[in-house]
Amino acid sequence: MNLSIRWLNEFVDINDKDIKEFCDKMTMTGSKVEEFEMEAEKINKVVTGKALSIEKHPDADKLLVGIIDVGSENPLQIVTGAKNLKVGDIVPVALDGSTLFDGTKIKKGKLRGVKSEGMLCSLSELGLSINDFPNACEDGIFVLDEPCDLGENIKDIIGFNDTKVDFEITPNRPDCLSIIGLAREAAATFNKNLNLHVPGIKAQNGNFSEKLDVTVEDAKLCPYYSAKIVKNVKIAPSPRWIRERLRAMGVRPINNIVDITNYVMLEYGQPLHAFDLRLIEDNKINVRRAKPGEKITTLDGIERELTNNNLVIADSKKPIAIAGVMGGEYSGIMNDTIDIVFESANFNGSSVRLTAKEHNMRTESSSLYEKGLDEHNCPLALDRACELIELLNIGDVGSKTFSCGNLNSDRTKVFFDCEFTNRFLNINLSKDKMQDILRPLGCEFEKDYIIVPTFRSDLKNKYDIAEEIARFYGYNNIPSTNLSGSSFGILSPRQKFEKKVAETMLALGVSEAITYPFISPRHFDKIMLPKEHNLRNCVKIANPLGEDTSVMRTVAVISMLDLLSKNFNNKNENVRLFEIAKEYIPQKGASLPNEKTKLIVGFYGENIDFLYAKGIVEELLSNIFVFDYDVSAYAELPYYHPGRCAKFTLNEDIVGIVGEIHPSVCENYDIKKKVYAIELDIDMLFENAKFDIEYKAIPKFPSVKRDLALICDDDVPVLALQKIIKLNAAELLEDISIFDIYKGEQIPESKKSVAFNLTLRSSSATLTEEQVNSIIKKIVSSLEKQGITIRDGANTIV
């Protein structure tokens, strides 16, 4: 909900409040501010100027040279291509060093050899359109039609200097979807007077005989309907003050009648509609359900077939509007309209929402109705629209209101339990103080009861009343207390495990990310999945927001690549991200997919390569006490580089994959760097992780270190050598590390030398030389059976 501060000041004077203070305090009392914006904030050094003379450019047929008085000592010479400029015109002048609405900087220079000291501005260059100034030239220089001083800031002269505040209004507060609603909140927040205006109609020429026959067939869907006739209407652009307010609220001005309906809707939060009286057959208005197969062409030019579930406004022959959603194209206001009917009604919110959804035509009107509006606003809004007709002198308002239905006079009553409120909030306020808080919100009091205003349908019980007290007493003034109760929530073993995984990744310098689980199916092409690949079989969302979020991901790496792409295109040179993500794998015969939890890591940047990524996995596995895994080459997934990808396995089950993303995939995601990724199965890791940590005493006996240099085939994994060594050294092997891998001179072709450092230790005695040599011999013998030999000259004692 946009709010014009200038318009708000008509109801509550907040001119003494800084805009940031206003936003902060409104947020703290429950009206959350998303952002505020100064209209035309970027426009700078654009002033009013007067054309003193205009001559043709000496070297360009389409250019003119104007001398412009901007109120300074020396007039400016400005070259322009505008054909609508005349001597004496007052125009916006962008001075040297100025900034236009779109951020364009203007500097003095030369155009075809002639000095130009600024620029004359059109509507579009000021962020305006012909709707804002209907009498202006749309494709020429903006010529002001009102006298003003020269050299004045153009924003002040044309009223383009309002402040707009964007509020996030919750669905239970439809009363705040209006200027008056937010004014009431502001008055209560700042303890100011609320200046509400009661609309008044003179109807001096309204005693005409024309009548409307109004009937409502379904009172549940339309509890109240009212209308007034206005004759001798003069269709024209609205006055500037209305156009300015509509523009500040994000509404495009159209003509005075349509603008009045929008103006009142913004002011009161009550949608209005205007019909051309001559297009209403037999002056009859019937609010009824549509007949099956009945059709209507709405204002957007689309013909729609209606169903019996749709509520319509009809005349004696046909529907002329879809109730609460949109009017018909052939009953709306036209340039030659003379007599109109203003409609102000209350429609059932659920009915309007379902109709709007069925016809895919959600409008400002339907979005208001679906939240549930106060029917008591209907006559006020109707009178306000007619009052504006008289104020602008653009028609004769009829004295009679044609209505059907009765306004509900029942008011919600809530028992005023001050003791409960004080106890519930842990405060100590008197009854009088609580009444002082509730009264500006429209509450009245009758003995021990609070009479809730009709526009506050959310106040139903003592807890709602306590919330209102808390909002305006101030959440910061309520003392903090511990939670009551004897039980406290604790993390489950699975939650602790995932937390440890996340903390380990953060400690390794990788930042956490969160992405949406729904993606576009186009991503499967970007990661080069074959057309028949089983990962393309995914869960489709029944009612997606759009094609980009239409399926549930089966490959979480897709979301990570998308995130890395955004970072790369935002000039982030070094990125390390991880996410504990879900993959949704459809199951045959099951209504719900299998949800796999994966740790997804993505990197690019300096000092990042395959070994760095592999080291991240090894460090994580060490931290969660997962050992005895195998690492081997892997080339089954097309989005990884076939020669730079490895799989981690536990008991021959793949627990993780690490590798470089295929260069073609990086190109598809517009990443011009090498990208590395990790996929780890969190479910499998959780099953194999060790949670019961056993602590060992500090060793009493010394260790013995031995180096072992081996020669093996080039394709033998180092991990396979380690496993043989560990198996034969058994519990006496305390540690094993690699300190050299060598290929080259003195090493046969297709072979490599791998050197290990072994640390041996016994927990019961000092190892003797004979024991150590025996262990080494056993290791070497087992390696030789696998075709692995000792490198000549290695410093190994045998």
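Residues numbered from 1 in each chain as written. Predicted model: local features only at pLDDT ≥ 70, side-chain atom pairs only at ≥ 80, totals over all residues. Heavy atoms only, no water.

Some details on the sheet that holds strand β24 (residues 413-415)
Reading across the sheet, the 3 strands line up as β24-β26-β25 and stay open at both edges, with antiparallel pairing between neighbours. Taken across any chain shown, the strands that pair with only one partner, and hence form the sheet edges, are β24 and β25 (444-446). Neighbour-to-neighbour, the strand axes of this sheet turn through a mean angle of 35 degrees, independent of strand direction. Across 3 bridges, the pairing between β25 and strand β26 (residues 449-451) is antiparallel. In the strand pairing of β26, Glu 446 is matched with Tyr 449. (Pairing = 2+ DSSP bridges. Helix = DSSP H or I, 4+ residues; strand = E, 2+ residues; numbered from the N terminus. Axes fitted to C-alpha atoms, helices over the stretch in contact; angles between N-to-C directions.)

As for helix α12 (residues 462-473)
Counted at 1.5 Å a residue, the expected span for α12 with its 12 residues is 16 Å, and the 16 Å between its end C-alpha atoms agrees. Of all the positions in α12, only Asp 464, Ile 465, Ala 466, Glu 468, Ile 469, Ala 470, Arg 471 and Phe 472 are classed as buried. On its buried face, α12 sits against α2 (19-28), α4 (179-190), β24, α10 (418-425), α11 (431-438) and β26. Among the residues of α12, the N-terminal cap falls to Asn 461, whose side-chain oxygen and the backbone nitrogen of Tyr 463 are separated by 3.0 Å. (Expected span 1.5 Å × (residues − 1). Buried < 20%, exposed > 50% of the residue type's maximum accessible area, 1.4 Å probe, protein only. Contact = heavy atoms within 4.5 Å. Polar contact = N/O pair within 3.5 Å; in protein donor to acceptor, adjacent residues only side chain to side chain.)

Brief notes about the sheet that holds strand β18 (residues 311-314)
Read from one edge to the other, the open sheet built from 5 strands follows the order β12-β15-β18-β19-β20, with strand pairing classed as mixed. The sheet is open, and its two edges are formed by β12 (213-216) and β20 (326-327), each paired on a single side. Pairing analysis gives 4 bridges linking β12 to strand β15 (residues 284-289), with the strands arranged parallel. Residue pairing for β15: Asp 213 is matched across the bridge by Lys 284.

Focus on the domain arrangement of the protein chain
Much of the literature gives interface size as the accessible area that the parts lose upon coming together. Domain boundaries in the protein chain define domain 1 (2-40 + 163-190), domain 2 (44-157), domain 3 (213-404), domain 4 (415-477), domain 5 (493-688) and domain 6 (704-797). On a C-alpha basis, the centroid separation for the pair domain 2 and domain 4 is 57 Å. (Domains from an automatic or database assignment.)

Some words on the packing of aromatic side chains
Under the counting rule described, the total for this entry stands at 18 aromatic pairs. An angle of 40 degrees between the planes, with centres 5.0 Å apart, marks the rings of Tyr 639 and Tyr 640 as tilted. The same class applies to Tyr 639 as to Tyr 640, namely buried. The rings of Trp 7, Trp 241 and Tyr 263 are connected pair by pair, giving a single aromatic cluster. The ring of Phe 455 carries Arg 184 above its face, with NZ or CZ at 3.9 Å from the centroid. For Lys 526, the ring lying beneath its charged end belongs to Tyr 669, and the centroid distance is 4.2 Å. (Phe/Tyr/Trp six-rings, centres within 6.5 Å; stacked < 30°, edge-to-face > 60°. Lys NZ or Arg CZ within 6 Å of the ring centre and 35° of its normal.)

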